[in-house]
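A look at the structure
Chain by chain, the residues run as shown.
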Amino acid sequence: MRITRDPDRKSLGKPKFKYVGNMHGDETVSRQVLVYLVEYLLTKYGEEERITELVNSTDIYIMPSMNPDGFEKSTEGDCSGDHGGRNNANNKDLNRSFPDQFDKATVDPANIPEVMAVMRWIQEKKFVLSGNLHGGTVVASYPFDDSASHNQEGHYSPSADDGLFRHLALVYSQNHPVMKTGKPHCPDMPEETFKDGITNGAAWYDVPGGMQDYNYIHGNCLEITMELSCCKYPFASELQREWDLNKESLLAYIEQVHIGVRGYVKDAVSGAVPSNVSIVVAGVRHNLTTGEYGDYYRLLLPGTYNITAVAPGYISVTVSSVEVSEGKAKELNFTLTPVVSEAAGSSTTVATTSVQSISHPDSSTTSSSGSTQTQVVTSVSPTSHQLANQPQEFRHHNYADMELFLRKYSSEFPSITHLYSIGQSVEKRELYVMVISDNPVTHEHGEPEFKYVANMHGNEVVGRELMLNLIEYLCRNYGTDPEVTELVNNTRIHIMPSMNPDGYEVAEEGDTNGYKGRNNTNNFDLNRNFPDQFANITEPRQPETKAAMKWLKSIPFVLSANLHGGSLVVNYPFDDDKDGNSYYSKSPDDEVFQQVSRAYSQENPLMHQGHPCEDLYPNDYFKDGITNGAQWYSVPGGMQDWNYINTNCFEVTIELSCVKYPLAKDLPKYWDQNRRSLLQFIHQVHTGVKGTVSDMWDGRRIPNATISVEKINHKITTAQTGDYWRLLVPGTYTITASAHGYKPVTIYATVSKDRVEVVDFRLTSVRSEGNRHSSSGPRPTQNPSEKEFQSLIKELSVGQGLDELVKNTATESNFRYRPSKEMSAFLRGLTLNFPHITYLHSLGQSVEYRTIWALEISNKPGESEPSKPNIRFVAGIHGNAPVGTELLLEFAAFLCINYGKNPAITKLINETRIFIVPSVNPDGREQAVEKQCKSTQGLTNARGKDLDTDFFGNASQRLVDPQPETRAMMNFIQSHRFTLSVALDGGALVATYPYDKPVQTVDNEGTLKYLATVYASNHPKMHLGNTECSNNGQSNIPDGVMRAAERQSHLGSMKDFNMDFGHCPEITVYTGCCLFPPAEQLATLWTENKKSLLSMLVEIHKGVRGIVRDKSGKPVVGAIVILNGGVRLFTVEGGYFHALLAPGTHNIEAVAEGYQRQRQKVVVSSFEAATSIIIEFDMDNNIFGLPREFVVASAAATMTALVVTACIIWCVCAAKSNRQKDGFHRLRQHRDDYDDEVRLTSMGSKKSLLAHEFQDESESDEETLYANKI
């Protein structure tokens, strides 16, 4: 951890200090104490004057652990180190592995990567003072740690700065309450004592190969070793005590970096900084050297010294009687004069009589040390260089020569040049581009981008040399020549001298029309290697081609020329046609291409004549020196056509010479013939129309707006800052600007010759137009914070907003592949370090009982916030593709570290619930092998199941129980209402959208494809659509996006389950062709995906969001929201819903039981925050499709009729029942009168007697009861 004021800048004038801890992995107090020190310095900065001064004036580096592998093996509570962990993973003691002055034994560097890294670090940084913190006793040990005799103990081995080292050790010990007593009372050696708490290292015991001696002898740095505790790995409960004991010592020791003498050394003539000047102190046999800026810091005890600055080629300067006092270092600057006499190379000691403090290095003046020199040296001032009107040197430049030429001009003219590389050739040569402009580093709004590309065919070299001539001409004439100055001030000119540097290296001077060196190292013609509109280019895309395509997509070029050799003509599109025949193949901008082609040819005294190479090709004739490409001969896969079809750029191909590789002596004539043409062609970028497309209401510039010209079937788009350039021939045109979410605007413009017409467009948002004319329905109210957040979303969606966020949130990263255990520790570490914004969810366990984690990042983690969108990032469903896992771990750290630091990241986290699942298949990850690009080892879980075929739903039928990993994810998906899911996988370079299953149509496919396109368009390679992944057979994928089933159709995928059961769109991003690339590539992959991942956090806040409620304001939970008559989602707690939608107009319907169906139209923009709506339900007054009043009246009439009918039936039944009751009464009343008759007829039925008496055929319950009683 580097701690200083402005840590992202170089620390001019600040001494470098370092602490290194945990060199022995089981000595852990140092590790934690240094973590506390970091926290203390940061929290007290700006509060305590002492800490603020220390941090402002010192460049502090703190390494808590030099041996993290050993720490992981050590055991808490192990005081004596019996349980291992002291050594590194290769069982090497790191403090016995440095080069030693007395012992020449060496350790295999492969076994001590930690030592090698620290050695490089020491050499690079030139630290001044250092402390190496250990454990096992309590003492400060100083150099030397061993001696030539290597006595085991008791041999005092002093260094040249022995007194200084004793002082430094005492500073630490005397501020430590226990150490200063000299009696540590360690249980294993209770009688051990150290006078004043310090000791010479070798006098204690001999340590060959120690780090502190290496620092002193080889690194300019004074280092001592501090043993902090008797117990090597105490329990955590002891850590607070250890911090309290060491805090003051740690701070006081850092302050010692400011004692002694400090200053700068400069060249007396040029003011430059001589390198590695030795600072010699008389009487001290130890020198140090100056740093990168000529600065030095020589720690010294109070006293009087003679100090000399010595450098080869300079006269040495000695300052005598330098008084060093206690406290801050004395400032002593040296100015050395170069030796110019015959005794060059010798040095002369110069006596001095006085010493004075010199001005601070920030001052504009510098003087010598007030010294009076006994020798006066005459210096020769450099002569001023007269600017040359024309290039003075003509020769063929090989790659090394060309590279030095470019670096020279980039260094000599830094205000108007910028040198960069777009990539590498097959043989790893850089594809250099030199920018020449008054603002060369970045695109300047309103200024067109122009390019020249040469040497695409390696043996066609005239263009290569002309480009170097042009660079020299523009640089040396800028500010003096009006034409050059105007072009440079108003154009951003990109010059690529060689697109095929490998081919050039094998080509031969004098080659007239040969082929040696024409192709690249893989023997492919680069000008037949681009995707073609008519032909299918089957050859593999070459590195040079891919680099060029990426470059052309990244910069809004307007005009370009591709410089070749072998004839003398300007060739314009199209280069081929659908039949492959040689006849005129006209582009929509044929007139423009003819105009710019003539602009070049007319300035070339030979080219415009039309008879280019009569000796070689006597039959060739090109009217005006120009030709349509296909009419000359068909060239499928050419670069000029690809430029025109796939970018905004108009490109022509210029053949510059009949001889492909002419002799060097002929080069001046080619410059003379082409100088005016080269300049005139650049002027053509300033013709036609240009302007800016912006928002009518807030003035924001609109990127990717479309500019179309009536009757010309070729559209261009605005750049990221909303500016555009449209080349046109003179005439009057109807020009239209359109953009997603805006009403098109059409303007008539007249274009003149030799000047550009400015035509600006101001577009009106469809949504704002709709809002102004909205007639009914409640509108959501916005508080200031909501408006501020909406502005943020717009800022991040237009122009360079997202690029600026990426640039402003760089974090230090050290990429490696983490096994499951380390991944878990990393996630826990995030929750410990950022407890207020993180919460770690355990989703379940794998087959082999590894935990599947989900890290939540939010300002209220663990709480349900239905109004916020939920986004899920998931990786590692295939264990053999772990890149996504590492990218998501870095993404999580990136978000946490920037929370509270970067306003945009802070607001995004505050308004979003982010869930990161880094590994769905941890068991498979443990089985996978690094650097295996195609291996399936680790693809499945421990039971051999591909988890992406195990999610039930769609057509996949569940016949067996799901795998534990699958079950965990399914529960997670269904328990959270996610708005969007992004899954990372490997083995391709493409973004896919649902479904994985084979389906004919996909509801809301436009939105799903749009979401995938957002990710791909923010990826520097993916959007080019050229994966070139040999293992999947996919290439030339438009925009880098495709439906998942088109890539690999299968059932039971997580993506499909999300869609059907989680009601959440999921895109799968394949981050690279190699499944398990080397760890060294992870940093590049992170750089490529960082912007895309952030774009998803922005995109989640677009679309449409709202609340469904009834007229009383009560939220309706569980209402169905239907998007465009297809996709359905449900309102959650509070009646909230959020749907992502592609830019455009959409129909929203809401349905709930007992309420009337509601409909609204919304307009979604590609750069506006989500459209907010409120849907209010009315009670449903229809029953069975009929008005409620009619249904109620009909029901009432029906009920009345039923009641009347029931009454009638009751009355009839009641009357009948009364007759029956009367007969039975009579029977009982006259019972005695019939007794005799009954007896007489006992052989007959009693019932028959009654029947005959009453003629009643029924057998009522009452009758049966009576009969039973008889």
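Bear in mind that the values here come from a model prediction, so they are computed numbers and not experimental data.

Helix and strand counts for the protein chain come out as 33 helices and 50 strands. Scored against the burial criterion, the 1270 residues of the protein chain give a buried share of 53%. Long-range pairs, those at least 24 residues apart, make up 74% of the contacts in the protein chain between residues at least 6 apart in sequence. Counting every atom, the protein chain has about 56,100 Å² of accessible surface; 49% of that belongs to carbon and sulfur.

With omega at 0°, the peptide bond leading from P143 into F144 counts as cis. One can find F144 in the loop between β5 (138-142) and α5 (162-174). Its identity as a non-glycine residue notwithstanding, H185 has a phi of 55°, on the positive side. Relative to the helices and strands, H185 resides in the loop between α5 and β6 (198-200). Here Y849, not a glycine, exhibits a phi torsion of approximately 65°, which is positive.

Checked against the element boundaries, E655 lands in strand β24 (residues 650-655). A polar contact of 3.3 Å, which involves the side chain of E655, links it to the backbone nitrogen of G565.

With that out of the way, let us pick up the sheet that holds strand β22 (residues 569-572). Strand pairing within a sheet occurs via backbone hydrogen bonds; the two strands may be parallel or antiparallel. The mixed open sheet is built from 8 strands, whose spatial order is β17-β18-β20-β19-β21-β24-β22-β23. With one partner strand each, in any of the chains shown, β17 (417-424) and β23 (626-628) form the two edges of the open sheet. Across the sheet, the axes of successive neighbouring strands diverge by a mean angle of 20°, strand direction being ignored. Across 3 bridges, strand β18 (residues 430-436) lies against strand β20 (residues 492-496) in antiparallel orientation. Following the sheet pairing, M434 is matched in β20 by I495. The sheet contacts of helix α10 (residues 462-477) involve β17, β18, β19 (449-454), β20 and β21 (557-564), and relative to β20 the element is tilted by about 145°.

Bringing the nonpolar core into the picture now. Y452 and I471 are the most contacted members of the largest nonpolar core, which totals 78 residues. It is α10 that provides the largest number of residues to this core, a total of 9 residues. Looking at which domains feed residues into this core, each of domain 3 (410-686) and domain 4 (690-765) gives three or more. Not counting residues up to four positions away in its chain, the partners in contact with I471 are F405, L406, Y409, M434, I436 and I495. One finds F815, L855, L980 and A1079 within the second-largest nonpolar core, a separate group that totals 70 residues.

Moving on, we get to helix α17 (residues 667-683). Between its terminal C-alpha atoms α17 stretches 24 Å, which fits the 24 Å expected from 17 residues at 1.5 Å a residue. Along α17, the largest kink reaches about 45° and is centred on N674. The complete set of buried residues in α17 reads L667, Y670, W671, Q673, N674, S677, L678, L679, Q680, F681 and I682.

Covalently bonding the sulfur atom of one cysteine to the sulfur atom of another cysteine gives a disulfide. Using the criterion set out here, one finds 4 disulfides in the structure. The disulfide partner of C79 is C231, and the gap between their sulfur atoms is 2.0 Å. The S-S bond linking C79 to C231 shows a torsion near -80°; that makes this disulfide left-handed. Placement of C79 in the loop between α3 (68-73) and α4 (113-125) and of C231 in the loop between β7 (222-228) and α8 (239-255) is noted, with a sequence separation of 152 residues between them. Using a relative accessible area of 16% as the deciding quantity, one classes C231 as buried. Across a sulfur-sulfur distance of 1.9 Å, C613 and C658 are joined as a disulfide pair. On the sign convention where negative is left-handed, the bridge of C613 and C658, at about -95° about the S-S bond, is left-handed. Linking C613 in the loop between α14 (590-601) and β23 with C658 in the loop between β24 and α17, this pair joins segments that are 45 residues apart in sequence. C658 matches C613 in its accessibility class, with the two residues each being buried.

On to the pairing of β20. Burial within β20 is extensive, with 5 of its 5 residues counted as buried. Of the two faces of β20, the one holding R492, H494 and M496 and the one holding I493 and I495 are both buried throughout.

Take the environment of D93 next. Along the chain, D93 turns up in the loop between α3 and α4. It is 7.4 Å that separates the C-alpha atoms of D93 and H24, two residues lying 69 residues apart in sequence. Excluding residues within four positions of it along the chain, D93 makes contact with H24, R86 and N87.

Glancing now at the confidence of the model for the protein chain. Regions with low pLDDT should not have their predicted coordinates read in detail. The pLDDT averaged across the protein chain works out to 86; a share of 88% of its residues lies at or above 70. Contacts for the low-pLDDT stretch residues 1221-1270, under 50 throughout, to residues beyond four places or in other chains number 21 contacts.

Before going further, it helps to examine α10. In a regular helix each residue adds 1.5 Å, so 16 residues correspond to 22 Å; α10 covers 22 Å between its end C-alpha atoms and thus fits that length. Within α10, 16 of the 16 residues are buried, leaving the element largely enclosed by the surrounding structure. Phi turns positive one or two residues past the end of α10, at G479, with a value near 90°.

In helix packing, the relevant descriptors are the interaxial angle and the interaxial distance, both defined with respect to the helix axes. Contact geometry of helix α2 (residues 49-57) with α8 gives a least axis separation of 11 Å together with a crossing angle of 45°. One element, α2, and the other, α8, form an angle in the oblique class. Crossing of α2 against α8: the hand is left-handed. For the pair formed by α2 and α8, the contact residues are R50, I51 and L54 on the first element and E248, L251, A252, I254 and E255 on the second. Across the contact of α2 with α8, the residue classes break down as 5 nonpolar, no polar and 3 charged.

What follows is about the pairing of strand β38 (residues 980-985). Across the 6 residues of β38, 6 count as buried, placing the element largely inside the fold. Across the two faces of β38 the burial is the same, with L980, V982 and L984 and S981, A983 and D985 all buried. Sheet analysis places strand β36 (residues 870-875) next to β38, joined by 5 bridges and oriented parallel. Within β38, the residue paired with A875 across the bridge is L984.

Attention now moves to the pattern of salt bridges. A complete count under the given rule lists 53 salt bridges for this structure. For R726, the salt bridge identified is with D589, shortest N-O distance 2.6 Å. On the criterion of sequence distance, the pair formed by R726 in strand β28 (residues 723-726) and D589 in the loop between β22 and α14 is long-range, its members being 137 residues apart. Each member of the pair, R726 as well as D589, is classed as buried. The closest approach of N and O atoms between R818 and E886, which form a salt bridge, is 2.8 Å. Placement of R818 in the loop between α20 (801-808) and α21 (820-833) and of E886 in helix α22 (residues 883-898) is noted, with a sequence separation of 68 residues between them. Here R818 and E886 have matching classes, each one buried.

Further remarks concern the packing of aromatic side chains. Within the structure shown, the criterion is met by 50 aromatic pairs. Ring centres of W204 and Y205 lie 4.9 Å apart, and the angle between their planes is 70°; on these two criteria the pair is classed as edge-to-face. Residue W204 is classed as buried on the basis of its relative accessible area of 17%. We classify Y205 as partly exposed; its relative accessible area is 28%. Positioned above the aromatic ring of Y504, the side-chain terminus of R464 is 3.5 Å from the ring centre. Positioned over the ring face of Y1070 is R1047, at 4.0 Å from the centre of the ring.

Reading across the sheet, the 7 strands line up as β1-β3-β2-β4-β7-β5-β6 and stay open at both edges, with mixed pairing between neighbours. The sheet is open, and its two borders are formed by β1 (2-3) and β6, each paired with just one other strand. Where β5 meets β6, 3 bridges bridge the pair, whose relative direction is parallel. Each bridged residue has a counterpart across the sheet, and for A140 the counterpart in β6 is I198. Together, β1, β2 (16-20), β3 (59-63), β4 (129-134) and β7 form the strand contacts of helix α1 (residues 29-44), whose direction differs from that of β3 by roughly 145°.

Cut-offs used in this document
- Residues numbered from 1 in each chain as written.
- Predicted model: local features only at pLDDT ≥ 70, side-chain atom pairs only at ≥ 80, totals over all residues.
- Heavy atoms only, no water.
- Helix = DSSP H or I, 4+ residues; strand = E, 2+ residues; numbered from the N terminus.
- Buried < 20%, exposed > 50% of the residue type's maximum accessible area, 1.4 Å probe, protein only.
- Contact = heavy atoms within 4.5 Å.
- Areas by Shrake-Rupley, 256 points an atom, 1.4 Å probe, with all protein chains shown as cover.
- Polar contact = N/O pair within 3.5 Å; in protein donor to acceptor, adjacent residues only side chain to side chain.
- Pairing = 2+ DSSP bridges.
- Axes fitted to C-alpha atoms, helices over the stretch in contact; angles between N-to-C directions.
- Core = buried A, V, L, I, M, F, W, Y, C linked by side-chain atoms within 4.5 Å.
- Domains from an automatic or database assignment.
- Expected span 1.5 Å × (residues − 1).
- Bend = angle between axes of the 7 residues up to and from the residue.
- Disulfide = S-S within 2.5 Å.
- pLDDT = per-residue confidence, 0-100.
- Parallel < 35°, antiparallel > 145°, perpendicular 65-115°, else oblique.
- Left-handed = near helix turned anticlockwise from the far one by under 90°.
- Nonpolar A, V, L, I, M, F, W, Y, C, P; charged D, E, K, R; others polar.
- Salt bridge = Lys/Arg side-chain N within 4 Å of Asp/Glu carboxyl O.
- Phe/Tyr/Trp six-rings, centres within 6.5 Å; stacked < 30°, edge-to-face > 60°.
- Lys NZ or Arg CZ within 6 Å of the ring centre and 35° of its normal.

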